[in-house]
Structure formats: structure tokens, C-alpha cells
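The residues making up each chain are set out below.
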Amino acid sequence: MTAGPKTLEELAALLPQKSRLIGLDVGTKTVGLALSDVERRLATPLETIRRVKFTKDAERLAALIAQHEIAALIVGLPLNMDGSEGPRAQATRAFMRNFDAMRRTPYAFWDERLSTAAVTRELLAQDVSRAKRAEVVDRMAAAYILQGALDRLGRLATGG
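Residues numbered from 1 in each chain as written. Predicted model: local features only at pLDDT ≥ 70, side-chain atom pairs only at ≥ 80, totals over all residues. Heavy atoms only, no water.

### Observations concerning the nonpolar core
Formed by 23 residues in total, the largest nonpolar core has its most connected members in Ile-22, Leu-24, Leu-73 and Met-96. Contributions of two or more residues to this core are made by strand 1 (20–26), strand 2 (30–36), helix 2 (54–67), strand 4 (70–77), helix 3 (87–102) and strand 5 (107–111). It is helix 2 that contributes the most residues to this core, five residues altogether. Leaving out residues up to four positions away in the same chain, Ile-22 has contacts with Leu-33, Ala-34, Leu-35, Leu-46, Leu-64, Ile-65, Ile-70, Ala-72, Leu-73, Ile-74 and Leu-146. Leu-15, Ala-108, Leu-146 and Leu-153 belong to the second largest nonpolar core, which has 17 residues in total. (Core = buried A, V, L, I, M, F, W, Y, C linked by side-chain atoms within 4.5 Å. Buried < 20%, exposed > 50% of the residue type's maximum accessible area, 1.4 Å probe, protein only. Helix = DSSP H or I, 4+ residues; strand = E, 2+ residues; numbered from the N terminus. Contact = heavy atoms within 4.5 Å.)

### Here we look at the sheet that holds strand 1
Strand order in the open sheet formed by five strands is 3-2-1-4-5, with mixed pairing between adjacent strands. Each edge of the open sheet is held by one strand with a lone partner, namely strand 3 (43–50) and strand 5. The average angle at which neighbouring strand axes cross in this sheet is 25°, direction not considered. Here helix 3 sits on the sheet and contacts strand 1, strand 2, strand 4 and strand 5; the angle it forms with strand 4, its principal contact strand, is near 160°. (Pairing = 2+ DSSP bridges. Axes fitted to C-alpha atoms, helices over the stretch in contact; angles between N-to-C directions.)

### Re the packing of aromatic side chains
Enumeration according to the criterion identifies two aromatic pairs in this entry. For the pair Phe-54 and Phe-95, a centre-to-centre distance of 5.3 Å together with 80° between the ring planes defines the contact as edge-to-face. On the criterion of sequence distance, the pair formed by Phe-54 in helix 2 and Phe-95 in helix 3 is long-range, its members being 41 residues apart. A ring pair is formed by Tyr-107 and Phe-109, whose centres lie 5.5 Å apart and whose planes are at 85°; its orientation type is edge-to-face. Its relative accessible area of 18% is what places Phe-109 among the buried residues. In this arrangement the basic side chain of Arg-93 is found over the ring face of Phe-109, its NZ or CZ atom lying 4.7 Å from the centre. (Phe/Tyr/Trp six-rings, centres within 6.5 Å; stacked < 30°, edge-to-face > 60°. Lys NZ or Arg CZ within 6 Å of the ring centre and 35° of its normal.)

### Concerning the side chain of Asp-25
By the element assignment, Asp-25 lies in strand 1. Of the side chains bearing the opposite charge, Arg-88 lies closest to the buried Asp-25, which forms no salt bridge; the N-O distance is 7.3 Å. Among all residues touching Asp-25, those that are not within four sequence positions of it are Thr-30, Val-31, Gly-32, Glu-112, Thr-116, Asp-138, Ala-141, Ala-142 and Ile-145. (Lys, Arg positive; Asp, Glu negative; His and termini not counted. Salt bridge = Lys/Arg side-chain N within 4 Å of Asp/Glu carboxyl O.)

### Details of the pairing of strand 2
Along strand 2, seven of the seven residues are buried, which leaves the element largely enclosed by surrounding structure. By the bridge criterion, five bridges tie strand 1 to strand 2 in an arrangement that is antiparallel. Note on strand 2: the bridge partner recorded for Ile-22 is Leu-35. Taking the residues that link successive antiparallel strands as the turn, the strand 1-strand 2 hairpin has three residues. Note that strand 2 and strand 3 share seven bridges and pair antiparallel. Looking across to strand 3, one finds that Leu-35 is bridged to Thr-44. Connecting strand 2 to the antiparallel partner strand 3 that follows it, the hairpin turn spans six residues, and Arg-40 within it adopts a positive phi of roughly 55°.

Right under this line is the structure:
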């Protein structure tokens, strides 16, 4: 398998019939993770990795990939509102380049503009406390990102 990111269409062609995906919301302090079901219909928040050092962060991610038998990763790419890439997008790409060098797992980027804002709005609407929001927002943002990609993969599978 060649290294580097795939388009979602390329990724769809590589995926085994029944396999799980992990969604990532890579931040400066945390990496939010979400897990799909084997039919790739539903994204569920999984865990939040507190960033310490790349090697330790990557080892934890690699352990979860092995534990859940992950076929591919969907990585939220924090684009600017005009679609350009700023420092956060570049940092996310660097994280994935480094991770790909140590563990070859197919991955695709997914536009994550406003994912954290959407999740935060929903948590506020549900009257979730500030402390609880801080605890869950990263993995819920990862689920939001992954769900968008799963929905697109479903449309691709049905020719839509």
C-alpha cells in the first residue's frame, strides 16, 4: 500500500466489506477518537488521548487500531472558512505524515470546519455543564467528523 492520504473515493475501494474505521480530531492538546460499527453506518465517540509526546500518542492510537481491527482512519482537516489551509491543518497533516511513517494504515482527510462548534452547540442545547463539555467535546467532534465521512461512503456505495 502506498503511503500518504487517500481521497474518500480511493479509500472506499480499499475497504474490506465489514470493517471498522476510526475518526480523529487532532488538536494541540488532545486527539479525539470515534469508532464506526463494522457496517460503517454509525460513529460512536471512543476516547480522548491527552497529547504528551508524539511517540506516546501514536503508540496509543496504534494500540486502538489493533484492538478494534481498524481498516482505515478518517482524519478531520481543520480548514479555514475560505477553504485554505492554516497552521492547524498543516499540523494535522504533519501528525499524519509522522504516524504513517511508523504504521501504514490507510487514511483520508475530511473537512472538519465547524465540527467542534456544532458539537458544542448541541451540548449547550442539552444543558451539559462546562466541565462535562470539556471532557467529551473532542471525541464527540471526532464522531461528528467520522459520521460525515460514513454518510459519504454510504452514498458512494449506492452510486449516489
